[in-house]
Amino acid sequence: MRKKILSLIFIVIIFSNYIFSQNNAKYLENRYIPATIIFKVKPEYNQYCKLNKIEIKEIESILKSINVKSLYKKFPSISAPKSKYNQYGQVLIDLSTIYELEYSSDLSMNKVLFYFNSLEIIEYAQAHFLPELLEVPDDNYNVSNQYYLENIMAYQAWDISKGDTNIIIGIIDTGVDIDHEDLIDNIKYNYNDPINGIDDDNDGFTDNFRGWDLGENDNNPQSNANHHGVGVSGIAAATTNNSTGISGVSYNCKFLPVKISDEEGNLTMSYEGIVYAAEHGCNIINCSWGGTNKNPYGQDIVNYATYNKNCLVVAACGNNGDESVFYPASFENVISVAATDVNDIKWTGSNYGIYIDISAPGSNIYLTKNDNSYGSGWGTSYASPIISGSAAIIKSFYPQLTALQIGELLKVSTDIIDTITENISYSEKLGSGRINLYKALTNSFKPSVKFNDVDIIYQNDYLLPNDTIIITGTFNNYLSQVSNTTISLSCESPNIEFINNSFYIDTLKELETITNKNNPFIIKILPEILFNEKISINIYSSPINYLYNQFVDFIANKTYINFETSQIQTTVTSNGRIGYNDFYNNEGVGFIYKDKGNFLYEAGIIVGNSTENVVSCIKGDNDFTIISKINKINDSLYYDFHYQSIFDDSLAEDNEMNINIILDTYAWDDEENSNFVIINYKIINKNNYDIENLFTGIFADWDIIDANRNKIDFDEEHNLSYTYSNLSDIFYTGIKLLSNTPVKHYAIDNIQGGNGGVDITNGFSTEEKYFVLTNNRHNAGGLFDGNDVADVLSTGPISIAVGDTVEIGFVLIAAENLYNLKQAGENAQNKYKQITSCNKNLKPDIIENDINIFPNPTNESINITCNNLDFKDFAITLYNIEGNIVSLINNITYRYSKHIVINCTNLPKGIYFIKLEIDNKSYNKKIVVIH
């Protein structure tokens, strides 16, 4: 498999921070505008994208179902680029198909995003997030000088360049004090559009003479609810050498105030502000705000400013005091700025980490305040404009440099601060060092190499133990010539091995590129790899300082598998979830029937025996610890697909029932049986007492065509619950109980109030989960049009004795009508009988004639009996799931000649295969070890 990475920093869960758990606020890391989303139609469908409508059937269908209040292009005055690449070979960004949508549907935002992102014609859809300002203000503290100007050697730099009035810094913030004595003269005024009530320059903004207020959509960028932008503006571009107040780092350069906050101070137009600045002549764009949401819309905007408009974007890295990753700072093509104090020690509150590019003073910064005043503040908010002001000076002195070259020049000219005693623990996590503006203007250009357009190539989508990874890409040199340089890889994880971790560059001139496709980096995943282990590969150069903070990240040993029959595509997991491995619908494919779309939003197991003891893996809960991750088992001719995982409920804490669950998933590829998937649970009682009154069920939030028009019904004769769309009788989905145990069914109206039933729109409590497991409600969707629904099919009450196991089977089905759904259910019932009959005949695990293995699963030892067999020679070999031999020295006891005991107490939990060689014949059997 080949995975294309457009940015250097590869994060597999690309939407994990902006698609949040449905109706669970604890997953929402940043604030957002309710019932409002931003989405981008793929540019190839541009001809269908009108100003306030999209003439594409699939989108029109969704819009109709969610009660649209407004739909409009985000950037109506921006046309699609006329060419694919800029002069440097970088892909130009098309913003002309990005829309903002406000709706009034009762559907959760997650559902709406889910629908849009499931369409092939949609590039991305996300919430409209509200980032936060990154300051720690203290208005009562004053200092008599600006120490940071000395630290960065600004005075010496100004002897070389005092900046150019034609160079403009866009301050994307909460506005400015437009009459401040130290700011009024350095605002970039638009004399082509004076304040006269007419849009003289025809840019779509009437009277934008001194910037614009995007947050309140007027021509007055005066700060009101929050004065953060006043201080940021002064640090970057206060009037210098005017015997007043403070000196802006950029000296003569101008700044354009772009207010992005609304009347309450919320940053409602943050990324839109970047576009405004890029479109209105800014060379440098400062963003002293951010959030934890990595989203494609933000990266699109940054790339547009960088590639289409040649703007350098600079951003604060965050004030959490830890390695939290903030955006836009951590997007590709953004200079991420950490904060230091007067002694170049990391400021206590500043974030740090591998994604930081550079540091600048951010502690006790003297700055402009509202109402013509001055004060001090702390934060990466105030470190960022120091970098922005410095970048403006460099652009003035080296006007031929591109935006990315200016950023690289800043990074290669810093003073090293990692060696300061207090910073040693942050080594390589404060960027290339603390900015030195004088060095940037005077030192001969050093090489600066970045590894771009990275390809990660591997055969197994899940990067399993012993898999090999090939990494290729393009090395871009942004500054002076590179000679005799070796690029190398390193990694802190002990669970990978480098086969080839170096690439030699003989010569690479300024703005030249070279690829390593003929000599790629090669990495091997070792057997000790952890579940879902994030591997961060550091890329560095020798000689040093030619390449900074370059990382490639990927996830290895994933705990889920996507598979498909001739009719169904779905995902099996190691944690009890069905269709998706995570709560953000990133890891998995759902439940797709005949390529007609995904019909499943979420599904998983619920088990409980009282209102206090319920464990599950749905609706934001994850009570299960993986014992043995999902693996494909090739062990029978009765089915085409067999996957198995083992987990327990040890994460449930107060609700723990102390059970192990072996999950077997079966599917077939022939036409008659390929539209269903059997889910079989073996639940093992690990307690020293019997479990009574146990109920086990599958929760499934089906969404067929339009979730607002779904209904649920129940067929008591066949123990089959089914969901269908009221718009059409073409598609049905269902859950059927296959095991011979009592059935319960509860249909949920997934709308506010629950339509008289359980209301899960405000959460799903333990009591509510137990209620739906143990009660009947056979219909949902109302009497007429239908609505969003969810289904629970369960079985119980069941008792499990100490150490005993109960087996429970369900089947998930999709079909084109109810008749075919029922027929598939009958077919599944026959297949289940065949499977359980096969398993039953093997108990107590008869391998051949009188060769028995028991107990299986085990938490102590395995007994192998060979009664009634007459043999001379035998040998035993044990393999783990990866096929590696497990040592059995001191583990085997021979009780008598034909009874062997293998002690399993020292074996890790998981699946093993035992091979018996008896008189030149081999017998193989799977065993399961649980503790």
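For every chain, the first residue of the written sequence is number 1, and numbering continues from 1 onward in sequence order. In keeping with the model being predicted, local features are shown solely for residues with a pLDDT of at least 70 and side-chain atom pairs are shown and tallied solely at 80 or more, while totals for entire chains, interfaces and linings include all residues. Hydrogen atoms and water are omitted, and side-chain values are computed over all heavy atoms in the structure.

(A) Here's a closer look at helix H5 (residues 228–237). The element H5 is largely enclosed, with a buried count of ten among its ten residues. To sort residues, take the accessible area from a 1.4 Å probe on protein chains only and compare it with the maximum for the residue type: under 20% means buried, over 50% means exposed, and anything in between is partly exposed. We count a stretch as a helix when DSSP gives it H or I for four or more residues in a row; a strand needs E for two or more, and each element gets its number in order from the N terminus. Listed in full, the buried residues belonging to H5 are His-228, Gly-229, Val-230, Gly-231, Val-232, Ser-233, Gly-234, Ile-235, Ala-236 and Ala-237.

(B) Just the sheet that holds strand S9 (residues 212–213), in detail. At least two DSSP bridges between two strands are required for those strands to pair. Strand order in this open sheet of seven strands is S9-S10-S8-S11-S13-S14-S15, and the pairing throughout is parallel. Across the chains shown, the open sheet's two edge strands, defined by having one partner strand only, are S9 and strand S15 (358–361). Where helix H6 (residues 270–279) meets the sheet, it contacts strand S8 (168–173), S9, strand S10 (254–259) and strand S11 (284–287), and its direction lies at approximately 160° from that of S8. In this description, contact between two residues means that some pair of their heavy atoms is separated by no more than 4.5 Å. Throughout, an axis means a line fitted to C-alpha atoms (over the contacting stretch in the case of helices), and angles, computed between N-to-C directions, take values from 0 to 180 degrees.

(C) Looking closely at the side chain of Asp-203. Relative to the helices and strands, Asp-203 is located in the loop between S8 and S9. No salt bridge is formed by the buried Asp-203. Its closest oppositely charged neighbour is Lys-309, at 12 Å. Engagement of the side chain of Asp-203 in a polar contact is seen with the backbone nitrogen of Phe-205, the distance being 3.0 Å. Sequence-distant contacts of Asp-203, that is, excluding residues within four places in its chain, are made with Asp-193, Asn-208 and His-280. His residues and chain termini do not enter the charge count, which takes Lys and Arg as positive and Asp and Glu as negative. The term salt bridge refers to a side-chain nitrogen of Lys or Arg lying within 4 Å of a carboxyl oxygen of Asp or Glu. In protein, a polar contact means a hydrogen-donor-capable atom and an acceptor-capable atom, both N or O and within 3.5 Å, with residues adjacent in sequence counting only if both atoms are side-chain atoms; elsewhere, any N or O pair within 3.5 Å suffices.

(D) Local environment of the sheet that holds strand S33 (residues 625–632). Taken together, eight strands build an open sheet; the order of strands is S33-S34-S35-S36-S43-S40-S39-S38 and the sheet is antiparallel. Every other strand in the sheet has two partners, leaving S33 and strand S38 (710–715) as the edge strands with one partner each. Neighbouring strand axes in the sheet, compared pairwise and without regard to direction, differ in orientation by 15° on average. Strand direction decides the pairing type here: strand S34 (residues 641–648) and strand S35 (residues 659–667), joined by eight bridges, are antiparallel. Bridged to Ile-646 within S35 is Ile-662.

(E) Highlighting the packing of H6 against helix H7 (residues 296–308). Taken N-terminus to C-terminus, the directions of H6 and H7 make an angle of 10°; their axes are 9 Å apart at the nearest point. With respect to H7, the axis of H6 lies roughly parallel. Residues Tyr-271, Glu-272, Ile-274, Val-275, Ala-278 and Glu-279 of H6 lie in contact with H7, whose contacting residues are Tyr-297, Gly-298, Ile-301, Tyr-304 and Ala-305. Side-chain classes are defined by residue name, with Ala, Val, Leu, Ile, Met, Phe, Trp, Tyr, Cys and Pro counting as nonpolar, Asp, Glu, Lys and Arg as charged, and the others, Gly among them, as polar. Here the contact of H6 with H7 is built from residues that sort into eight nonpolar, one polar and two charged. Oblique is the label for any angle not under 35 degrees, not over 145, and not in the 65 to 115 range, which are roughly parallel, roughly antiparallel and roughly perpendicular in turn.

No statement about biological role is implied by the geometric values presented.
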